[in-house]
Each structure stands twice: as structure tokens, then as C-alpha cells.
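In case you want the letters, here they are:
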Amino acid sequence: MSENGEEKLLAVARHIAKTLGHNNTMSDDIFQILSNFDGRFSRENLSEKGADADSRACAALDHSLKSLDHRISHHVSSDRPIWANAAHAAAFLDAVDELVAVVAEWNHLASDKAVAACLVRAEDMLQHAMFRLEEEFRTLMERGGESFGLTRSYRNGESTENMPFESEEEDEEEDEVRNGGDEEQIPVALPVTDFDIVIDALPAGTINDLHEIAKRMVAGGFGKECSHVYSSCRREFLEESVSRLGLQKLSIEDVHKMTWQELEDEIEKWIKASNVALKILFPSERRLCDRVFFGFASAADFSFMEVCRGSAIQLLNFADAVAIGSRSPERLFRILDVFETLRDLIPEFEALFSDQFSVSLRNEVITIWKRLGESIRGIFMELENLIRRDPAKTAVPGGGLHPITRYVMNYLRAACRSRQSLEQVFEDYGLKEYPKLDDRVHSSSSLSVQMDWIMELLESNLEAKSKIYKDPALCYVFLMNNGRYIVQKAKDSELGTLLGDDWIRKHAAKVRQFHVHYQRSSWSRVLGSLKLDSTVSLPPNALAKSMKEKLKWFNTVFDDICKEQSSWFVFDEQLREEIRISLEKILLPAYGNFVARFENVPEIGKHADKYIKYGTEDIQAKLNELFQGSSGNRK
């Protein structure tokens, strides 16, 4: 053992004896025990007579500190970056390591006044060294980022520089009830589908240097300061990267003041930015953080949280603003987009922000996602109100399709394209009271019941609207048209799957029933005029007169009906054909029998053609003109 080492050992033993020996007897016992353990711990060496040894130990400590002070101050006072020279950097780190070791080695003797005075000097030196390390750390962070560029990235080891941050013009054609179309060029990220990308904003050598500095700063008790410098530099980089994706920093008020078109554009940018941030930017920051603070998990977690928290909150705040905004029905599809995006990114959030510092952020993600679900449920409630409030004042010309029918059915079909998400939204909603629904509510999913209820409201609304028509026949044409449209839109779609085959069959049967009611209310008079039962027992002259009157009545009523119903409109060609065929089946045989009997009446005889206005083909031609509508009610 060196002389300095032996002096330090004796100083430690004397310190133990002083600390444990509360009286002379105890001190003597301790001296005896130590002497028996090692001859160097003799009473003479450990007695007050050995006080000069303490002086020598302090002198040795003082000598070490002076030497370290010279070495460290040489670097600390330099105007040039220490890490500009690898040898200088290594020498400075060695000196810092020795200083940290000296402080740790002598710290337990701090109760000794002489040692304590030396340790004060050592702590002061250490603080200056740490300040300089902090400065060097910041310089490396800033210069490394500048030299490496803000957008250099790698996939499978190959550079893809600038790839996630280019601009692209997108021409997308969407459903009319969703957006209609958007051809605006937005300076945002390309639609990245391969997220196997890692962005390294710093060269490998710089990362290694940062790690070496971080290791010393943590060892010297300056871990928080190191994390602060790291996070402030990286946060700036990350915020600029997010900004390059086209995402603005918007308050809730800013979002709520936007026009719907502006908000749609911002949502599109948000979706792209969120995917790139959670799948590329944040994981790259996590990787960099773990490399710089390798071996110091807590410092790495804290630094990562500080770097990403601002950008993560920016993304979440926008989603929250969307969630608590207007609940008008046209917003459903974009809010669903936000809901689905956030849902799909929750695993990334939970994996990246899994540490103790990120608990509140993880909770906030789930809270906002649930709030988006509440907003979607609120939109469906608003849709219900819209159907209820739609006034039954003005009749649709010709009994055609009502705009509310077209709107609601297209809306629900479009909504059901996101069936999985809507099932998720309504799963925990619970079933409210549906007064007109049957036991299906007990065996169906919440979403199925919700759709069934909306359809019930729509049908009730249409029934009220049908009563505006004074002509019962036209009332049934209106119900046929709208009922047929509802069934067609429900079939072969997710909406029909939710409503079920029984629902489809039931409502198709309703349309057939409306058809029967139409036929009876409109054509019963015509068929009545062709009945021959009342003429069987009449004398020849009376029979001829009666049949002439019946035929004249038929011609008049038939003309009136055809004239009127040619302006009515049946939108579905197949339904139109079905009505015509059914009319031919009941009308042509009755008319044919009547004409045949009419021609055989002796008093009419060869003059029959004078009274017969229509032949069978003429009747068919007139029926083919029905339900063509005018230009105004064919839309």
C-alpha cells in the first residue's frame, strides 16, 4: 500500500474510533480490537499522538485536489470546445472521473473539519466541471443536429433522406355523405404505409460522446441538469418535425372557430401527423434517448417524456377539441376518423410512454378516446332529433322520394362502413328505452338496436308526411317509393346485416301491402264500372243503355286516373313495372269481358265500335305512361 493509502487507512480507523467511542473505556476497547486485527492499528498509531498522520492524510487529499484542479481548470477555462479534440475530451473525462472518485472516497469523513474543508473545494471544482460538461453536451446536441440534418432517416439500414417530410397533392373521391372530395395541396407528410423507419438526427460518434458526458453528469449528481439540456434540444427538433407535417399549434377555441371545411383539412393533417409521430418520430426519440442515457433507465425515461410531452399533448389537445365540438350529423365521419386513428395508436402510446413519468399522458389518451366515443353517440342522438324535427308540411310532388329518406339511408350506409368502430362505441353505452321496438332489443347488439330505432323514427316521420296527400292512392305511392328505397339501401350492406334478414323481409312485405292499398284506393272505381252482375236481368233496351253508361263512365274515370297518375313518380323501374303488370292482370281481363259482352248486345250490335274508345293494346299503352313524373320530381 502506498504511503498516502496507509495514511488514509489510519485516518479512517481513527474516525471510527472517535465516532464509536463515547468514553475513554469504549475508545480503549476499540483501539484494542483494531490493534488485534492489524498491527498497523496500534494504540500508538491511533492515539492522539498520531494526529500528525491526519495532517499527512489531509495533505495528501489536498495535493490530489490541487493536481485535479490544475487539470480540470485547464479545460474548463478553455474558449474552444473541448470535444473538438478527442484527446482533450478523454483527458477531461479522466480528470472528472478521478474527482468524482475522490469525493466519493472521502465523503464519509466529512465530519472531520480538515477533510470537510477539502471536500468543499472538491465540490466546487466538481460543479464547475459539470457546468462545462453541460455546455459541451449542449454544443454537441446542437452541432450534431445541424450537421446531420433534420430529416435524415433509415429503413433497414438505408438512408431515406427527406422521405417522411415531402409534400404531395392528393386527389381522393369520397362518398357524397362524407366529404365530396378534396383536391387541395397540403404541405404534409407522404401517406406513409411502411413505418419501419428510424430517424437518427445525430451521428453515431456524437451519440457516443453524449453518452460519455451523460454518464459523468449522472455520477456527479447532475443527472437532472443533463436531462434538461437534452430534452430542451431534442424537443425543439421534434416540434419542428411535427410542424413540417403540417400540424399547427391550435387552441380549443381556434378549432371551434374553424369552418367545417377548414376543420376537415386539419383533421386530415392530424391523422397523418399522428401516425408519423407515434410510429416514426417518437420511437426514434426513444431509441436516441436510450442510447445517450444507456445504463440510466430513470434518466432516459424522464428525458424522453420531457422531449415528447409537448408534441404528444399537441396531438391529444386537437383530438379533444374535435371531441367536444359540434355534434351535427355531418361531422360523424371525420370524428370517426379521429376516433379510429387514436384507437389504433393507443398501443404505440402505451408502449412508448410506459414509464412512471408518463402515467398522466397514458390516462389522457384513454380519456380523450372515450370522449370521442361519447361525441359519436351524441351525433346519433342529434340525428334522431333531426328526423323527429323534420316538418311534415310540404308534400313531395308526385309521391316521390323524400329528401329525409335519401339523406338518412345514405348516411347510415356510410356510417356502417365503420361498423367495427361503431360497435365499439355503442358496446358500453347501454340500451336506452326504445318504446316501439320489440324483443329484438334483448338479443341484438347495441348498434343494431340503435339502427333499428333510427329506422323506426324515419318510418314514423314518413307516415306523418304521407298524410299530407289528400288522395289516398298518392299517399300509398309515397309510402311505396320511400319504403322500397329503404329496403334497397339496407339490402346487401352492413346496415342490412345489422338490421337482419327478418327486418328486410318485414319491410319488403310492407311495401307490397302499400301496393295493394294503392291498387284498391285508386282502381276500385274503374273495376266497379266493369261489373256485369247488375245487368243480367235487364230488358234489352235497358241493358244496352246501362252498358253504354258503364263504358262511358269507364272511359272518363280511366282517362282521369291515367292523366293524373302519369305525373306521379315511381323512382324504381322494377317497382314501376310491377305496378303496371299487376294493373294489367286485374284490368285487362275485366275490360275484355265487358267489351265482349258489350259487342254481343243486340240493340248495340254493329254500332259497338262507336262507343268503344280503347282496345286492349290502348289500355296497355296508357298504363305504360303511368308514374313517369315531371322533371321536377324525378330527382
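Treat the numbers as computed from the prediction; the structure is a model and nothing was measured.

Calculation criteria
Residues numbered from 1 in each chain as written. Predicted model: local features only at pLDDT ≥ 70, side-chain atom pairs only at ≥ 80, totals over all residues. Heavy atoms only, no water. Helix = DSSP H or I, 4+ residues; strand = E, 2+ residues; numbered from the N terminus. Contact = heavy atoms within 4.5 Å. Phe/Tyr/Trp six-rings, centres within 6.5 Å; stacked < 30°, edge-to-face > 60°. Lys NZ or Arg CZ within 6 Å of the ring centre and 35° of its normal. Axes fitted to C-alpha atoms, helices over the stretch in contact; angles between N-to-C directions. Parallel < 35°, antiparallel > 145°, perpendicular 65-115°, else oblique. Left-handed = near helix turned anticlockwise from the far one by under 90°. Nonpolar A, V, L, I, M, F, W, Y, C, P; charged D, E, K, R; others polar. Salt bridge = Lys/Arg side-chain N within 4 Å of Asp/Glu carboxyl O. Buried < 20%, exposed > 50% of the residue type's maximum accessible area, 1.4 Å probe, protein only. Expected span 1.5 Å × (residues − 1).

Some words on the environment of Gly 220
- Residue placement: Gly 220 occurs in the loop between α7 (204-219) and α8 (223-244).
- With 94 residues separating them along the chain, Gly 220 and Leu 126 place their C-alpha atoms 7.4 Å apart.
- Leaving out residues up to four positions away in the same chain, Gly 220 has contacts with Val 100, Leu 126 and Met 130.

So, the packing of aromatic side chains
- According to the stated counting rule, one finds 21 aromatic pairs in the structure shown.
- The rings of Trp 523, Phe 554, Phe 558, Tyr 591 and Tyr 614 are connected pair by pair, giving a single aromatic cluster.
- In this arrangement the basic side chain of Arg 234 is found over the ring face of Phe 237, its NZ or CZ atom lying 4.1 Å from the centre.
- We note Arg 286 situated over the ring of Phe 304; from NZ or CZ to the ring centre the distance is 4.7 Å.

So, the packing of helix α17 (residues 472-490) against helix α19 (residues 501-529)
- Where α17 meets α19, the axes come as close as 8 Å, and the angle between the chain directions of the two elements is 160°. Regarding the angle of α17 to α19, the classification is roughly antiparallel. Crossing angle aside, the handedness with which α17 passes α19 is left-handed. Side by side, α17 and α19 meet where Pro 472, Ala 473, Tyr 476, Val 477, Leu 479, Met 480, Gly 483, Arg 484, Ile 486, Val 487 and Ala 490 of the first sit next to Trp 503, Ile 504, His 507, Ala 508, Val 511, Phe 514, His 515, His 517, Tyr 518, Ser 521 and Ser 522 of the second.
- For the contact of α17 with α19, the per-class residue count stands at 15 nonpolar, six polar and one charged.

What to know about the pattern of salt bridges
- Taken as a whole, this structure holds 27 salt bridges when the rule is applied.
- One salt bridge connects Arg 216 with Asp 97, and the closest N-O pair in it is separated by 2.8 Å. Here Arg 216, found in helix α7, pairs with Asp 97, found in helix α5 (residues 86-106); they are 119 residues apart in sequence, far enough to count as distant.
- The exposure class of Arg 216 is buried, given its relative accessible area of 10%.

Comments concerning unusual backbone geometry
- Unlike most non-glycine residues, Asp 492 shows phi in positive territory, near 55°.
- Inspection of the secondary structure puts Asp 492 in the loop between α17 and α18 (494-499).

Points about the packing of α7 against helix α10 (residues 260-292)
- Between α7 and α10, the least distance of the axes is 8 Å, while the angle of their chain directions is 50°. In terms of axis orientation, α7 runs oblique to α10. Listed contacts from α10 to Ala 204, Ile 207, Leu 210, His 211 and Ala 214 of α7 are Leu 288, Arg 291 and Val 292.
- Taken together, the residues that form the contact of α7 with α10 break down as six nonpolar, one polar and one charged.

Comments concerning α7
- Between its first and last C-alpha, α7 extends 23 Å over 16 residues, near the 22 Å set by a 1.5 Å rise per residue.
- Turning to α7, its buried residues are Thr 206, Ile 207, Leu 210, His 211, Glu 212, Ile 213, Ala 214, Arg 216 and Met 217.

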